[in-house]
Structure formats: structure tokens, C-alpha cells
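Listed below, chain by chain, are the residues.
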Amino acid sequence: MQTGQSTHIAEFNRGILKYDWDRPEIAEFQNNLDRVNILAARSDGFVWRMDDDAMEAAQLDLNGPLGGNPRLASTLSVWTSTQALSNFVHKTVHGKFMKKRDIWFEKSEGPAHVIWPVTVGHTPTVQEAAKRLEMLGVNGPTSLAYDFNWWRENALSVE
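Now for a quick tour of the structure. (Residues numbered from 1 in each chain as written. Predicted model: local features only at pLDDT ≥ 70, side-chain atom pairs only at ≥ 80, totals over all residues. Heavy atoms only, no water.)

This next bit is on the overall build of the protein. Helix and strand counts for the protein come out as 8 helices and 4 strands. What you see in the protein, going N to C, is helices and strands ordered as β-α-α-β-α-β-α-α-α-β-α-α. Scaling as 2.2 N^0.38, a compact globule of 159 residues should have a C-alpha radius of gyration of about 15 Å, and the protein matches this with 15 Å. Considering only C-alpha atoms, the protein reaches an extent of 45 × 30 × 30 Å along its principal axes. A burial count over the protein gives 40% of its 159 residues as buried. Sequence-distant contacts in the protein: of pairs separated by 6 or more residues, those separated by 24 or more amount to 73%. For the protein, the accessible area works out to roughly 9,200 Å², and carbon and sulfur atoms hold 50% of it. One finds the centroid of the 16 positive side-chain charges in the protein at a distance of 7 Å from the centroid of its 20 negative side-chain charges. (Helix = DSSP H or I, 4+ residues; strand = E, 2+ residues; numbered from the N terminus. Rg over C-alpha atoms; globule rule 2.2 N^0.38 Å. Buried < 20%, exposed > 50% of the residue type's maximum accessible area, 1.4 Å probe, protein only. Contact = heavy atoms within 4.5 Å. Areas by Shrake-Rupley, 256 points an atom, 1.4 Å probe, with all protein chains shown as cover. Lys, Arg positive; Asp, Glu negative; His and termini not counted. Charge placed at Lys NZ, Arg CZ, Asp CG, Glu CD.)

So, in C-alpha cells, the structure goes:
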């Protein structure tokens, strides 16, 4: 997709499930993952998402930046803008599931998601995502690693 812009944004989110993947307590979450991912891929502004097999391998890698927790659920994606990502996250069925996250996920001790600018055509890595999440947790939001709240307050300076 040719947009005429030099940057897109990458987004990484993570959460630790309260229960193992095969437990009925998270069945609604698990049974809707494909539905939400298909919706994302069809959404205006969607560019790319790390495929399920690669993400699962990264999540389970005991020596990797995500720590190898078998209850980890995460997504790494690229969008044309934070506005496009926000529309998907908050204005589609994804928002319905976000409202239920406390049912399925443990409370996060740090940020659960991070957004950052990437050059058009760049495919972010899990290592890069983990570094940006850490930056956000240590330094707070900046134009290099931010969350939706910071973006809403600073939208004109980052897009």
C-alpha cells in the first residue's frame, strides 16, 4: 500500500493469562482470537502482524526477550497510523474483548502495550518490541515509545 508517508507505527501488547490456554475460563478469549485477527487484517490502516507460529515460538523461547511464560499472549503488528490502530482497538469488536481483559489476564506490573514509529517497510522484531516496552516502563511515554493516552495528548507531534 502506497501511503506517501515515511513512517508507520508498530504496536506490541502482552498479557499473562490467569489460566492455562486449555482452561474453560479463557475459552471465550481463545475462541475469538482468529475472528479478531481477521478483523484486524481487514481494517483500514493495517499493514502487518507477526504470524501465530512465529509469535508462539517467541513467547515460549525461555532464552528470548518474552521470557518463555506458557500463559503469555501477545501481538506484534504494524499500522499506517496510531489513529488507524486506535480505531481497530477501540471501535470494533476488539473493544468488547478489551473490556473483559480483567477476566482473562493477570494485572500487569508495567505497561501492557507500547506503540512506536517505524520506517515504512520495516518489520519489527520481538527483541525490538521488548526493548520499546521496557523503554516505556522505565522512561514513561515519549515519541519513541508511547501508549494511547500519551498519543491522544500529543497526536499532532507524532503523526
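Another aspect to go through is helix α3 (residues 52-60). Among the residues of α3, those classed as buried are M55, A58 and Q59. On an axial view of α3, the arc spanned by its buried residues comes to 100 degrees, and they lie on one face. Of the surrounding secondary structure, the elements contacted by the buried residues of α3 are β3 (72-79) and α7 (126-139). Of the residues that open α3, the one with a side-chain oxygen 3.1 Å from the backbone nitrogen of D53 is D51. (Arc of directions from axis to C-beta. Polar contact = N/O pair within 3.5 Å; in protein donor to acceptor, adjacent residues only side chain to side chain.)

On to the side chain of Q59, then. Mapped onto the elements, Q59 comes out in helix α3. Within the structure, the side chain of Q59 is placed 2.6 Å from the side chain of S74, a separation counted as a polar contact. In this structure Q59 touches L66, G67, G68, N69, L72, A73 and S74, once residues within four positions along its chain are discounted.

Buried within helix α2 (residues 33-42) we find V36, N37 and A40. Buried residues along α2 cover an arc of 100 degrees about the axis, so they all sit on one side. Exposed positions of α2 whose direction lies more than 90 degrees from the buried face are D34 and R42. On the buried face of α2, the contacting elements are β2 (46-49), α3, β3, α4 (82-91) and α5 (93-98).

Scope: geometric values only; no functional claims are made or implied.
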